[in-house]
Amino acid sequence: MDYKNILAFVIGIVILAYIILTLGIEKIVQLILQIRMEFFVLAAIVYLIHEIVASYVLKVALGGGLRIRRIVPAHMLGMLYANATPGRVGYLYTALSLAKKTGSRRSAKIGIIALSQGLNFLSKTFLCLLAVIYFSAFIPSMGSQAYLLLVSVAPIIFLIGILIALYTKIVNKIIGKLSPRFLEYLESMQAAVREVDKGRLARMLLLILLGWFIMSLQWFLVAASLGIDVGFLTVLMFQPLLTTIMFVPISPSGLGLAEGGSALLFGIVNLDPAAGAAFLLLVRFNAILVDSLGLIDVRMHNG
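Basis of the calculations
Residues numbered from 1 in each chain as written. Predicted model: local features only at pLDDT ≥ 70, side-chain atom pairs only at ≥ 80, totals over all residues. Heavy atoms only, no water. Helix = DSSP H or I, 4+ residues; strand = E, 2+ residues; numbered from the N terminus. Salt bridge = Lys/Arg side-chain N within 4 Å of Asp/Glu carboxyl O. Buried < 20%, exposed > 50% of the residue type's maximum accessible area, 1.4 Å probe, protein only. Axes fitted to C-alpha atoms, helices over the stretch in contact; angles between N-to-C directions. Parallel < 35°, antiparallel > 145°, perpendicular 65-115°, else oblique. Left-handed = near helix turned anticlockwise from the far one by under 90°. Contact = heavy atoms within 4.5 Å. Polar contact = N/O pair within 3.5 Å; in protein donor to acceptor, adjacent residues only side chain to side chain. Expected span 1.5 Å × (residues − 1). Phe/Tyr/Trp six-rings, centres within 6.5 Å; stacked < 30°, edge-to-face > 60°. pLDDT = per-residue confidence, 0-100.

## Looking at the environment of Ser107
Looking at the element boundaries, Ser107 is found in helix H6 (residues 106–135). The sequence separation of Ser107 and Leu96 amounts to 11 residues, and the corresponding C-alpha distance is 8.7 Å.

Right, dumping it as structure tokens:
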């Protein structure tokens, strides 16, 4: 871990500690210690199903040739690394793993990963806007409105950046002047992406939307494990807003920022903000437990 990641981790811990102390550490700890384990385990099973669906997104993008059982652990270990890195860039491990398994260029697989993330941000763009409309009925202050609008703009910015990098020559011209070697890498990424036809893009987008429903069910079950009375529709709207925050490259996977956002959203819908922070901490822990199964991918490479 380099000094930048260490600094990001420290920032995340400081933000998280401030939020927990402000909301009441005793209350948050008590909520977590009293969880109903049956709902928590069920949430983990649902999340595992989500990871399989997410792996199918990559399989469709790759166009076959690699069995799903070899993609799933690569995806899950990438997700595990994503939780430990600012901007979730650790997910690029998945591209490196898939390149090794297929004997293809890393740049081509990174291009495929970037494409799947582009579609992910495309879906988040519309889902965040839906969430803003949904929560507008609850918003009591200008501060909350500004937060929701800021989060909604974030996926649009990410999406535009990915589209420019993969489908235009704008970045090529800049990179060509700075690093001709990296330009070849970028062109390989672009070539791999352009081989993905519209039919496959549509199937990928449908799977991503299915994943949104499945992950929202995981979140609903985590809330149930805490005894939080929240409707599934509300959780559906929570999910795109809070997962978008996790891409903000200030702390590992938006550590602290996402917990603060969850506390704010819980307050907007008249739920206990402390429960919101505890909820997202448990969502993280639930996902990390499941994604740890991806460590099998290391053995697959060593074997």
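## Looking at the pattern of salt bridges
Following the criterion strictly, the structure yields four salt bridges and no others. A salt bridge links Arg284 to Glu259; the nearest nitrogen and oxygen atoms lie 2.5 Å apart. Taken together, the residues Arg284 in helix H13 (residues 273–291) and Glu259 in helix H12 (residues 257–268) connect sequence positions 25 residues apart. We classify Glu259 as buried; its relative accessible area is 0%.

## Some points on the packing of helix H3 (residues 37–62) against helix H4 (residues 68–82)
Angle between the axes and distance between the axes: these two values describe a pair of packed helices. Contact geometry for H3 and H4: axes closest at 9 Å, N-to-C directions at 115 degrees. Classified by the interaxial angle, the pair formed by H3 and H4 is roughly perpendicular. Remark: the crossing between H3 and H4 carries right-handed chirality. From H3, Tyr47, Leu48, Glu51, Ile52, Ala54, Ser55, Tyr56, Leu58, Lys59 and Leu62 reach across to H4, where they touch Ile68, Ile71, Val72, His75, Met76 and Met79.

## A short note on the side chain of His75
Residue placement: His75 occurs in helix H4. A distance of 3.2 Å separates polar atoms of two side chains, one belonging to His75 and the other to Glu51. A polar side-chain atom of His75 sits 2.7 Å from a polar atom in the side chain of Tyr91. Discounting chain neighbours no more than four positions away, the residues touching His75 are Glu51, Ala54, Ser55, Leu58, Tyr91 and Thr94.

## A closer look at H13
One turn of the α-helix equals 3.6 residues, which is why residues spaced by three or four share an orientation. Its 19 residues place the ends of H13 27 Å apart at the C-alpha level, agreeing with the 27 Å of an ideal helix rising 1.5 Å per residue. The buried fraction of H13 is high, at 14 of 19 residues.

## A few points about the packing of H3 against H6
Between H3 and H6, the shortest axis-to-axis distance is 10 Å and the interhelical angle comes to 125 degrees. By the criterion of interaxial angle, the relationship of H3 to H6 is oblique. Taken as a pair, H3 and H6 cross one another with a handedness that is right-handed. Here Val57, Leu58, Ala61 and Leu62 of H3 lie close against H6, whose contacting residues are Lys109, Ile112, Ile113 and Ser116.

## Describing the packing of aromatic side chains
As enumerated under the stated definition, the model contains seven aromatic pairs in all. Ring centres 6.2 Å apart and planes at 25 degrees place the aromatic pair Phe40 and Phe285 in the stacked group. Pair noted here: Phe40 is in helix H3 and Phe285 is in helix H13, with a separation of 245 residues, a long-range link. On the accessibility criterion, Phe40 (6% relative accessible area) is buried. Ring geometry for Phe266 against Phe279: centres 5.5 Å apart, planes inclined by 35 degrees, an arrangement best described as tilted. With a gap of 13 residues between them, Phe266 in helix H12 and Phe279 in helix H13 connect regions that are remote in the sequence. Take Phe279: its relative accessible area is 1%, and that puts it in the buried class.

## Notes on the confidence of the model for the protein
Averaged over every residue, the pLDDT of the protein is 84; the share at 70 or more is 82%. The least confident element of the protein is helix H9 (residues 180–194), whose mean pLDDT is 62; the most confident is H13, at 96.

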